[in-house]
Amino acid sequence: MSALFESITLREVTIPNRVWMPPMCQYSAEPEGPLAGAPHDWHFAHYAARATGGTGLIIVEATAVAPEGRISPYDLGLWNDTQVKAFQRITRFLTAQGTVPGIQLAHGGRKASTDRPWKGGAPLGPEAHGWRPVAPSAVPFDENHPVPDELTVDQIGAVVGQFAAAARRALAAGFEIAEIHGAHGYLINEFLSPHSNHRTDVYGGSYENRTRFALEVVDAVRAVWPGDKPVFFRISATDWLQDGGWTTEDTVRFARDLHAHGVDLLDVSTGGNASGVSIATGPGYQVPFAARVKAETPLPVAAVGLITEAGQAEKIVTNGEADAVLLGRELLRNPSWARHAARELGGEVRVPDPYHRSV
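Source: prediction; values computed, not measured. (Residues numbered from 1 in each chain as written. Predicted model: local features only at pLDDT ≥ 70, side-chain atom pairs only at ≥ 80, totals over all residues. Heavy atoms only, no water.)

Caption draft 1: Representation of unusual backbone geometry within the structure. Despite not being glycine, Tyr-27 has its phi angle at roughly 50°, a positive value. For Tyr-27, the location among the structural elements is in the loop between strand E3 (19-21) and helix H1 (41-52). Take Tyr-27: its relative accessible area is 15%, and that puts it in the buried class. Residues other than glycine seldom take positive phi values, yet His-184 does so here, at roughly 60°. Residue position: His-184 is located in the loop between strand E8 (177-182) and helix H4 (187-192). (Helix = DSSP H or I, 4+ residues; strand = E, 2+ residues; numbered from the N terminus. Buried < 20%, exposed > 50% of the residue type's maximum accessible area, 1.4 Å probe, protein only.)

Dropping the structure here:
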């Protein structure tokens, strides 16, 4: 039996295999009006295709907990009940295909209010559906980004509440897993790293202070998320800086804290918080970070980073480097990757009835 196609149970949610889809923004929602932030036909078709392809868990793209938390004006959101109803169409279909529906709850922080990537991704002003971003400190991401407004302590508390409210809506929308986005230079990651967090109050300075906001968000989400359903946390295991940034050692320490606060799995990525860094990429280049967390902490992990081949993914799970793999671009190229990998490895995956002739 292929290890990649063994089920895994976290709390009381069983995921049928270890081939998972990570959050990948589509930048395709309406930017304003009554349907702003709500998924529509594009999102349904996008996620449905990967579900019929046999993907065990689909984590819906970074979904903003507030309008100003969107990475772009075209991102999904969960700040109102109209969005909840629109998401229910997607979760119903995914569940019917045997795929577990998850969602990533996010706040863009100082990297919010930018254009779509195929439009260049530059910061947007009010004349183009944009707004002024917020951050732990008044430090821009780079010379092309505006100086963000530094959040007050009261505003930080409000954002924590927004994460909790979005988690409640995610549950109402039919999601089984909530993932908190603490990676890639967005708001939670900005608080974690001394590169972007220059505060001198209880939310800055020491490791304990810099992790305070993230743990408050975790506690708030865990308090409203059912005890039988998992909470994930996505982290950038390193800023890829020589000094002055978040490190792998910080990640291992933080993973233990997250486990103690009720997080069930760490989704391990890297980078995104510092501009101009040099990253040597290659097949599975981020897997060692997940492997270290798995080896040194009790927290289950998922690995990402140029995982493209079935045999490669199988070895990651078999060797105990990670409990699951998340395939991003490869699932964009091939929505049925899981079915093809199961055929190659001798595993089993659910095939929709109309597709049985293709098996």
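Caption draft 2: Expanded view of the side chain of Thr-55. In this structure, Thr-55 sits in the loop between H1 and strand E4 (57-64). In contact with Thr-55, not counting residues within four places along its chain, are Asn-17, Val-19, Trp-20, Met-21, Arg-50, Thr-99, Leu-331, Pro-335 and Ala-338. (Contact = heavy atoms within 4.5 Å.)

Caption draft 3: Region of the structure containing the pattern of salt bridges. Going through the model one piece at a time under the given rule, you end up with 13 salt bridges. A salt bridge links Arg-234 to Asp-267, with the shortest nitrogen-to-oxygen separation between them at 3.0 Å. Taken as a pair, Arg-234 in strand E9 (residues 231-236) and Asp-267 in strand E10 (residues 265-269) lie far apart in primary sequence, 33 residues in all. Residue Arg-234 shares its accessibility class with Asp-267, and that shared class is buried. For Lys-294, the salt bridge is made with Asp-323, and the minimal N-O distance between the two is 3.0 Å. (Salt bridge = Lys/Arg side-chain N within 4 Å of Asp/Glu carboxyl O.)

Caption draft 4: Broad picture of the packing of helix H6 (residues 212-224) against helix H7 (residues 248-260). It is at 10 Å that the axes of H6 and H7 come closest, and there the two elements cross at 30°. As far as their axial angle goes, H7 and H6 are roughly parallel. In the crossing of H6 with H7, the sense of the turn from one axis to the other is right-handed. Residue-level inspection shows Ala-214, Leu-215 and Val-218 of H6 in contact with H7, the latter providing Phe-254, Asp-257 and Leu-258. Looking at the contact of H6 with H7 residue by residue, the class counts come to 5 nonpolar, no polar and 1 charged. (Axes fitted to C-alpha atoms, helices over the stretch in contact; angles between N-to-C directions. Parallel < 35°, antiparallel > 145°, perpendicular 65-115°, else oblique. Left-handed = near helix turned anticlockwise from the far one by under 90°. Nonpolar A, V, L, I, M, F, W, Y, C, P; charged D, E, K, R; others polar.)

Caption draft 5: Structural view of the nonpolar core. In this structure, Phe-213, Phe-233, Phe-254 and Leu-266 are the most contacted members of the largest nonpolar core, which totals 82 residues. It is helix H3 (residues 153-172) that contributes the most residues to this core, 8 residues altogether. Not counting chain neighbours up to four residues away, the residues in contact with Phe-233 comprise Glu-179, Ile-180, Gly-182, Ile-188, Ala-214, Val-218, Phe-254, Leu-258, Val-263, Leu-265, Leu-266 and Asp-267. Residues Val-13, Ile-59, Leu-265 and Ala-302 belong to the second largest nonpolar core, which totals 15 residues. (Core = buried A, V, L, I, M, F, W, Y, C linked by side-chain atoms within 4.5 Å.)

Caption draft 6: Seen up close, the UniProt feature "domain: NADH:flavin oxidoreductase/NADH oxidase N-terminal" (unreviewed entry) in the chain. Under the UniProt annotation, the feature "domain: NADH:flavin oxidoreductase/NADH oxidase N-terminal" (unreviewed entry) is placed at residues 4-345. Taken end to end, residues 4-345 has its terminal C-alpha atoms 9 Å apart, with 34% of it in helix and 15% in strand. (UniProt positions renumbered as here; feature names shortened; annotations may be inferred.)

Caption draft 7: Examining the packing of aromatic side chains more closely. As enumerated under the stated definition, the model contains 10 aromatic pairs in all. With 5.6 Å between their ring centres and 70° between their planes, Phe-87 and Phe-175 make a pair best called edge-to-face. Of this pair, Phe-87 sits in helix H2 (residues 81-96) while Phe-175 sits in the loop between H3 and E8, placing them 88 residues apart in sequence. Neither Phe-87 nor Phe-175 differs from the other in exposure class; each is buried. Between Phe-191 and Phe-213, the aromatic rings sit 4.5 Å apart at their centres with planes inclined by 40°, giving tilted as the arrangement. Here the residue Phe-191 occupies a position in helix H4, and Phe-213 occupies one in helix H6, the gap between them amounting to 22 residues. With respect to class, Phe-191 is no different from Phe-213; both count as buried. Following the ring pairs from residue to residue traces out a cluster consisting of Tyr-207, Phe-233, Trp-246 and Phe-254. If you follow Arg-89 out to its NZ or CZ, it ends over the ring of Phe-44, 4.1 Å from the centre. Over the ring of Tyr-74 we find Arg-116, and its NZ or CZ is 3.8 Å from the ring centre. (Phe/Tyr/Trp six-rings, centres within 6.5 Å; stacked < 30°, edge-to-face > 60°. Lys NZ or Arg CZ within 6 Å of the ring centre and 35° of its normal.)

Caption draft 8: Local environment of the environment of Glu-348. Inspection of the secondary structure assignment puts Glu-348 in the segment after helix H11 (337-345). The class of Glu-348 is exposed, set by a relative accessible area of 65%. Taking the C-alpha atoms as reference, Glu-348 lies 6.4 Å from Phe-5; in sequence the two are 343 residues apart. Every residue in contact with Glu-348, bar those within four places of it in the chain, is listed here: Phe-5 and Ala-342.

Caption draft 9: Representation of the pairing of E9. With 6 of 6 residues buried, E9 is to be regarded as a mostly interior element. Here E9 shows a buried face lined by Val-231, Phe-233 and Ile-235 and a second buried face lined by Phe-232, Arg-234 and Ser-236. Judged from the 5 bridges that link them, E8 and E9 form a sheet pairing that is parallel. Residue pairing in the sheet places Ala-178 in a bridge with Val-231 of E9. Bridge analysis of E9 against E10 gives 5 bridges, and the strand direction is parallel. (Pairing = 2+ DSSP bridges.)

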